Amino acid sequence: MNTYLRILAVFYLYGALVHLADLLSLGHHLGQTHGLAFPEMSLPWQIGTVGFAAVDLVAAAGLWLRAWWGVMAFLAAAVAQIVMYRSIPRPSAIIQVWSVSTSRPSRSMASC
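Because the structure is predicted, anything quoted here is derived from the model rather than measured.

Engineer: Just checking my understanding: could you explain unusual backbone geometry for this structure?
Structural biologist: Most peptide bonds adopt trans geometry, and most residues besides glycine take a negative phi value. Positioned with a positive phi, Arg66 is a non-glycine residue whose angle comes to about 60°. Among the secondary structure elements, Arg66 is positioned in the loop between helix H2 (43-64) and helix H3 (68-87).

Engineer: Just to check I follow, could you spell out the nonpolar core for this structure?
Structural biologist: Side chains of nonpolar character tend, in soluble globular proteins, to be buried together. Counting residues in each nonpolar core, the largest one holds ten residues, listed as Leu5, Leu8, Ala9, Tyr12, Ala59, Ala60, Leu63, Ala73, Phe74 and Ala77. The set of elements that each furnish at least two residues to this core consists of helix H1 (2-23), H2 and H3. Sequence-distant contacts of Ala60, that is, excluding residues within four places in its chain, are made with Ala9, Tyr12 and Leu13. Counting residues in hydrophobic clusters, the runner-up holds six residues, among them Leu36, Trp45, Phe52 and Met84.

Engineer: Would you take a moment to explain the packing of H1 against H3 for this structure?
Structural biologist: Helix-helix packing is characterised by the crossing angle of the two axes and by the distance between the axes. In the contact formed by H1 and H3, the axes pass within 12 Å of each other and the chain directions differ by 50°. As far as their axial angle goes, H3 and H1 are oblique. Read as a crossing pair, H1 and H3 show a hand that is left-handed. Contact residues: H1 offers Leu5, Leu8, Tyr12 and His19, while H3 offers Val71, Phe74, Ala77, Ala78, Gln81 and Tyr85. Residue classes in the contact of H1 with H3 are distributed as eight nonpolar, two polar and no charged.

Engineer: Help me out: how do you make sense of a nonpolar patch on the surface in this one?
Structural biologist: A cluster of nonpolar side chains, Val10, Val58, Trp64, Leu65, Trp68, Trp69, Met72 and Leu75, forms an exposed patch at the surface whose accessible area comes to about 870 Å². With four residues, H3 is the single largest residue contributor to the nonpolar patch. With respect to the element layout, Leu65 can be found in the loop between H2 and H3. On the basis of relative accessible area, Leu65 is assigned to the exposed category, the value being 57%.

Engineer: How should H2 be read in this particular structure?
Structural biologist: Residues spaced three or four apart along an α-helix face the same direction, because each turn holds 3.6 residues. Its 22 residues give H2 an end-to-end C-alpha distance of 31 Å, which sits within 8% of 32 Å, the value for a rise of 1.5 Å per residue. When we look at burial in H2, the residues that qualify are Trp45, Gln46, Gly48, Thr49, Phe52, Ala53, Asp56, Ala59, Ala60, Gly62 and Leu63. Just downstream of H2 lies Arg66, where phi reads positive at about 60°.

Here is what the cut-offs are and how they apply
Sequence positions are assigned chain by chain, starting from 1 and proceeding in written order. Note on the predicted model: pLDDT of at least 70 is required for a residue's local features to be given, and 80 or more for side-chain atom pairs to be given and counted; whole-chain, interface and lining totals, by contrast, use all residues. Computation of side-chain values: all heavy atoms of the structure, hydrogens and water removed. By definition, any uninterrupted DSSP run of H or I lasting at least four residues is a helix, any uninterrupted run of E lasting at least two residues is a strand, and each is numbered from the N terminus. Residue types Ala, Val, Leu, Ile, Met, Phe, Trp, Tyr and Cys, when buried and joined through side-chain atoms within 4.5 Å, form a set referred to as a nonpolar core. Here's how the labels work: a residue is buried when its accessible area is under 20% of the maximum for its type, exposed when over 50%, partly exposed in between, all with a 1.4 Å probe on protein chains only. What makes two residues a contact is simply this: any of their non-hydrogen atoms within 4.5 Å. Only the stretch in contact is used when fitting a helix axis, every axis being a line fitted to C-alpha atoms; angles between N-to-C directions are given from 0 to 180 degrees. With respect to orientation, any angle under 35 degrees is reported as roughly parallel, any angle over 145 as roughly antiparallel, any angle of 65 to 115 as roughly perpendicular, and every other angle as oblique. Should the near helix be turned anticlockwise from the far one by less than a right angle, the crossing is left-handed, and should it be turned clockwise, the crossing is right-handed. Classification convention: Asp, Glu, Lys, Arg as charged; Ala, Val, Leu, Ile, Met, Phe, Trp, Tyr, Cys, Pro as nonpolar; all other residues, Gly among them, as polar. Note on patches: the residues involved have over 30% relative accessible area and no salt bridge, like charges join within 9 Å, and the nonpolar side chains Val, Leu, Ile, Met, Phe, Trp and Tyr join within 5 Å. Using a 1.4 Å probe, accessible areas were evaluated by the Shrake-Rupley method; residue-level cover was limited to the displayed protein chains. Salt bridge, as used here: a side-chain nitrogen of Lys or Arg that lies within 4 Å of a carboxyl oxygen of Asp or Glu. For a helix, the expected span equals 1.5 Å multiplied by the residue count minus one.

Laid out in structure tokens, this is it:
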């Protein structure tokens, strides 16, 4: 069980670093799929990025220390992230819909 909590802590630390990179608008430079800088994100995603950066760090520290509050922070963060990703449209989905709706078909030379 101790090894599992430590491995989970490493994953949550990585998640916190990803959210911090988004917060500093470095996410689109690091090859993340949504490609939006922090100011370009919608307000719910900005709030989620800030909140999950903090909660993931707390969860990672608590899981590494094998504290009961770390497990509770992990459960709260996991449930909140599932709710957020299921209820709020992702920035990448918004970009894909926008690019599909604004693109015009190109005419090839064969159809002229």
